[in-house]
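Take a look at the letters that make up each chain.
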Amino acid sequence: MPSDRRPGESAPGQVPPEAAAALAGSLTSGSEPTDRTQQASLVGAAEALVTGSDSERSAQAALPGVLADVPVAVLVIDQVAGTVTYANAAANELAGHIGLPAPVDTWGASAGLTDLGGAPLEDTASPLSLVAAGRPVAGEAVRLSARRSSDGARAQAADDDRDRVLWVTGFPLSQDGSQQRLSLVVFLQIDEPHTADDADAQLQALRERAVVATDIAFTITDPRKEDDPLVWVNPSFSRISGYSYEESVGRNCRFLQGPATDSDSVAQLRKALQGQQPVTTTLLNYRKDGTAFWNQLSITPVFDGEGELVSFVGVQTDVTERVRVEDDRRAAFAAEQAARRDAEEAHASAEAARVQAEVAQSRLALMAEATSTLSATLDMDDLLSRLASLCVPLLADWVFVTLVDEHGAVTGTSSAHRRGLTDELARFAALRLADLPDAAPIRRALTSNEPVLVPEFTPELMTAAAPDPALRAVLGELGASSQLTVPLVARRRTLGALTLVAESQDRRFGVEDLDLARDLSRRAAMAMDNVRLYQQEHTVAETLQRSLLPELPTIPGITAAAHYLSASSSADVGGDFYDMLHLPDGSVGIAIGDVVGHDVTAAAAMGHLRGLLRACAWDAGEGDPGEILGRVDRLVQGLHVAPMATMVYGRAVRPTGPAEPWRLTLANAGHPPLLLRHVDGSVEMLDGITGLLIGVDAAHVRASRQVALPQGSTLIAYTDGLIERPGEDMDQGIASLVARLAAAPVDASPVDLCVHAVGPHPDRRDDVAVIALRFS
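Anyway, here's the lowdown on the structure attached to this text.

The rules behind these values
Within any chain, residue numbers begin from 1 and follow the written order of that chain's sequence. This being a predicted model, a pLDDT of at least 70 is required before a residue's local features are given, and a value of 80 or more before pairs of side-chain atoms are given or counted; all residues contribute to the totals for chains, interfaces and linings. For side-chain calculations, the full set of non-hydrogen atoms in the structure is used, while hydrogens and water are omitted. By definition, any uninterrupted DSSP run of H or I lasting at least four residues is a helix, any uninterrupted run of E lasting at least two residues is a strand, and each is numbered from the N terminus. Think of it in three bands: residues with accessible area under 20% of the maximum for their type are buried, residues over 50% are exposed, and the middle band is partly exposed, with areas taken using a 1.4 Å probe on protein chains only. We call two residues in contact when some of their heavy atoms are within 4.5 Å. To define axes, lines are fitted to C-alpha atoms, for helices over the stretch in contact only, and angles between the resulting N-to-C directions are given on a 0 to 180 degree scale. An angle below 35 degrees is treated as roughly parallel, one above 145 as roughly antiparallel, one from 65 to 115 as roughly perpendicular, and anything else as oblique. For a crossing to be left-handed, the near helix must be turned anticlockwise from the far one by less than a right angle; the clockwise case is right-handed. Residue type decides the class: Asp, Glu, Lys and Arg count as charged, Ala, Val, Leu, Ile, Met, Phe, Trp, Tyr, Cys and Pro as nonpolar, and the leftover types, Gly among them, as polar. Note on pairing: DSSP must find at least two bridges between two strands before they are called paired. The span expected for a helix works out to 1.5 Å for each residue beyond the first. The arc in question is the one spanned by the directions pointing from the helix axis to the C-beta atoms. For each structure, a 1 Å grid was placed over the protein atoms alone; sets of points admitting a 1.4 Å probe that cannot get out are labelled cavities, open sets with protein on both sides within 12 Å along at least five of seven lines are labelled pockets, and lining residues have an atom within 4 Å of a point. Grid points are joined across faces, edges and corners, and a volume is the space filled by probe spheres set on the points.

Regarding the overall build of the chain
Here comes step 1: Regarding its fold elements, the chain presents 23 helices and 27 strands.
Here comes step 2: Counting across all 776 residues of the chain, residues that qualify as buried make up 46%.
Here comes step 3: The long-range fraction of contacts in the chain, counting pairs at least 24 apart against all pairs at least 6 apart in sequence, stands at 62%.

Okay, here's the thing in structure tokens:
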């Protein structure tokens, strides 16, 4: 094994050069890592040793604290005394809590260490003895047999334990001439290969497993060749850099450098290599794909038995995350220090200007947010709550909104205070509405439709605006030093007034606040008027919807229920419909459909379509449902009644005997299939028949299907709003609907089944119509 001593230095018990070849052979393994957790901890310990202190003595002193909780066994050996002076927790588990310091052979005997053949290490050239003598041990396999421990109690307790194979690595921590000469020993557990019949092959396999088990990148270069090329890299190097073994070997490792690599660090590295000195540095390197990473690089020169430099061994670790965290910490600290210096050096006027700039920026952000926030709701209470949150505390300490009707009469109020004060605001609202003289800023703004600014409430202004002493008292509790009231006007209609109030002169309204208040009031008023118009349209739509949807007739032998739920995104009216007819021959007509769209236009088209279907069904008598849908299709296209629609029409004929089922004939025009819930609660999908949508092809021939409806069964028809969900196909929606219906009680009524079909949380993205008919 190559020695790490410099030329001309004493090298007791030097290792012959052929051992270096054996080590190089062991480094060519490509097997997968086996113990990454232990190796990560070992890397952390070595890193602490390399970077933790500036001096050798402080590094040695810090080492036990660094390695205490490392999950691999670590020893520190005093070379002078030949004793173990430190063992971490994992090492104590190997040898028991033997008193330290202890001779290395005594510690090994307590642990039960033997060579691979089973001979005690004290009878062999022990790797612990070699390290104690100051010699590095690149790696040697030993066997741990707790049953052979010199501690009788420990040996007896471990009677059934299996032997383990450990890989021992050690190296001096101290330089020649140091007063304290220490060495470090690491034990790494590895799996024993199945080559026991060949001792050399077994040793070689153990070396390969120990070396490749590490997740650290190892490299070896040959300085005797031109440009000091790489002669070997391990798989971790290829994983970190992206360069394969073939792409790396034969090149100088500088190919990892790039445009942002620090030239001073590179010069320091070059100087150390030229001086044949060990060096550790951190460089910004580049992977094969061009991405940068921080590489902690430790390079050690290796000399042969004659003191000649034969190679450089490099250990590389990707420390990008650690460098990033350190950079962020330094940047944050630098920013904090700079901000502190600026704050200390800034003049009071500069600080005031900064605050004003922040306020202006916040107000601009408020205007950008106001439109999206206020227009996102069609509920007046929610809108007023959003308006209050926009104003308080950014624009005012508290806000009061007064709502009026088209005649100017107050219809309601809303308020919010930065300190809460809910009870006080309620008392103020009651007293304010009972005492609203012409001098009050709210009355003046409503009358003139112009902003009213009160920079400071003097006693005279307060008395004129609030003659009631109780009102002035509650104003004192809320705080009223300055006030700005702006009317809420949209589409030439005054909807109310927005009052911003400051508690003290620390926040005083001025002329510069008028434009902002006007802008906000315009946006708020437009949103409020949209709510008003929506509510009007909602009332109209609700009335229209009630007139278009039928009241189910009472038909002997039929128990029916229906449910309609309109899409929340429009006017609560849509193109979905259902119907049930008592036909002249005593049969029952059943229909459900969906006109494209869910607005007032779709609802009007639905009314026409439903009327056509009723007329065709009544006139056809015992006609086939497929022919009836065909006739409806021709009328729709000829009269331009509706753009397109899906529909199912069925005709149910009464049973001919007491135990006979109803007979249902169905035709489908592109509509989801109907469902039949049997008496036992099971649900059957009536599929197998479909056709083109109404309004596509007037010449399309539509087929029909006959289905037997057992007495006591329930037929459920529905529209696609019940089964369509974002991210799901229609089959999944139908399966969910079937599951909801099957989960209903066996004796559930048609009304209950409609409720189960809709579910507790309907999607409301589309209209929903559902009708349930029980046949008896």
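After that view, the rundown keeps rolling.
Looking at the packing of helix α20 (residues 600-620) against helix α21 (residues 625-639)
When two helices pack together, their arrangement is given by the angle between their axes and by how far apart the axes lie.
Here comes step 1: Close contact between α20 and α21 brings their axes to 9 Å; oriented N to C, the two are set at 140°. What the angle tells us is that α20 and α21 run oblique. By crossing handedness, the relation of α20 to α21 is classed as right-handed. Two secondary-structure elements touch here, α20 through L609, L612, L613, C616, A617, D619 and A620 and α21 through I628, R631, V632, L635, V636 and L639.
Here comes step 2: Among the residues making up the contact of α20 with α21, the classes are represented as 11 nonpolar, no polar and 2 charged.

A word on the pairing of strand β17 (residues 493-502)
Each regular strand displays side chains that alternate between the two surfaces of the sheet.
Here comes step 1: Of all 10 residues in β17, 9 are buried; the element is thus mostly enclosed.
Here comes step 2: Taken together, the 6 bridges between strand β13 (residues 398-404) and β17 define a ladder with antiparallel strand orientation. Pairing of V401 across the sheet is with L498, part of β17.
Here comes step 3: Sheet topology places strand β16 (residues 482-490) next to β17; 9 bridges connect them, and they run antiparallel. Note that in β17 the partner of Q483 across the bridge is V501.

A short note on the sheet that holds strand β18 (residues 558-565)
Here comes step 1: Strand order in the open sheet made by the 5 strands is β18-β27-β26-β23-β24, with antiparallel pairing throughout. Across the chains shown, the open sheet's two edge strands, defined by having one partner strand only, are β18 and β24 (683-686). Each strand axis lies, on average, 20° off the axis of its neighbour in the sheet, ignoring direction.
Here comes step 2: Bridge count between strand β26 (residues 714-718) and strand β27 (residues 768-775): 5 bridges; the pairing is antiparallel. Within the sheet, the bridge partner assigned to I716 lies in β27 and is A772.
Here comes step 3: Its contacts with the sheet put helix α22 (residues 730-742) on β23 (674-677), β24 and β26, and the angle it makes with β23 is roughly 25°.
Here comes step 4: Helix-sheet contacts for helix α23 (residues 750-758) involve β18, β23, β26 and β27, and the interaxial angle to β18 is about 30°.

What to know about the sheet that holds strand β15 (residues 452-454)
Here comes step 1: Strands sit in the order β14-β13-β17-β16-β15 across an open sheet of 5 strands; the sheet is antiparallel. Only two strands of the sheet have a single neighbouring strand rather than two, namely β14 (410-417) and β15. Across the sheet, the axes of successive neighbouring strands diverge by a mean angle of 15°, strand direction being ignored.
Here comes step 2: In this sheet, β16 lies alongside β15 in antiparallel orientation, the contact comprising 3 bridges. Directly across from V454, in β16, lies its bridge partner Q483.
Here comes step 3: Each of β13 and β14 touches helix α15 (residues 422-434); the most contacted strand, β14, lies at about 150° to it.

Observations regarding helix α11 (residues 263-274)
Here comes step 1: The terminal C-alpha atoms of α11, which comprises 12 residues, lie 16 Å apart, in line with the 16 Å expected from a rise of 1.5 Å per residue.
Here comes step 2: Within the sequence span of α11, burial applies to S265, V266, L269 and A272. Viewed end-on, α11 has its buried residues packed into an arc of 125°, placing them on one side of the element. Looking at α11, the residues exposed on the side facing more than 90 degrees away from the buried face are S263, D264, K271 and Q274.

Focus on the packing of α15 against helix α18 (residues 469-478)
Here comes step 1: Two elements in contact, α15 and α18, have axes separated by 10 Å at closest approach and are oriented at 150°. One element, α15, and the other, α18, form an angle in the roughly antiparallel class. Note that α15 runs across α18; the crossing there is left-handed. In contact with E424, L425, R427, F428, L431 and R432 of α15, α18 contributes A470, L471, V474, L475, E477 and L478.
Here comes step 2: Of the residues assigned to the contact of α15 with α18, the class counts are 8 nonpolar, no polar and 4 charged.

A look at empty space enclosed by the protein
Here comes step 1: In total, this model carries 6 cavities of 30 Å³ or more according to the counting rule given.
Here comes step 2: For the largest cavity, the calculated volume is near 120 Å³.
Here comes step 3: Considering the residues around the largest cavity, the lining is formed by 14 residues, among which F428, R432, I442, L475 and Q483 are closest to the centre.
Here comes step 4: Among the secondary structure elements, those contributing two or more residues to the lining of the largest cavity are β13, α15, α16 (441-448) and β17.
Here comes step 5: Of the residues assigned to the lining of the largest cavity, the class counts are 11 nonpolar, 2 polar and 1 charged.

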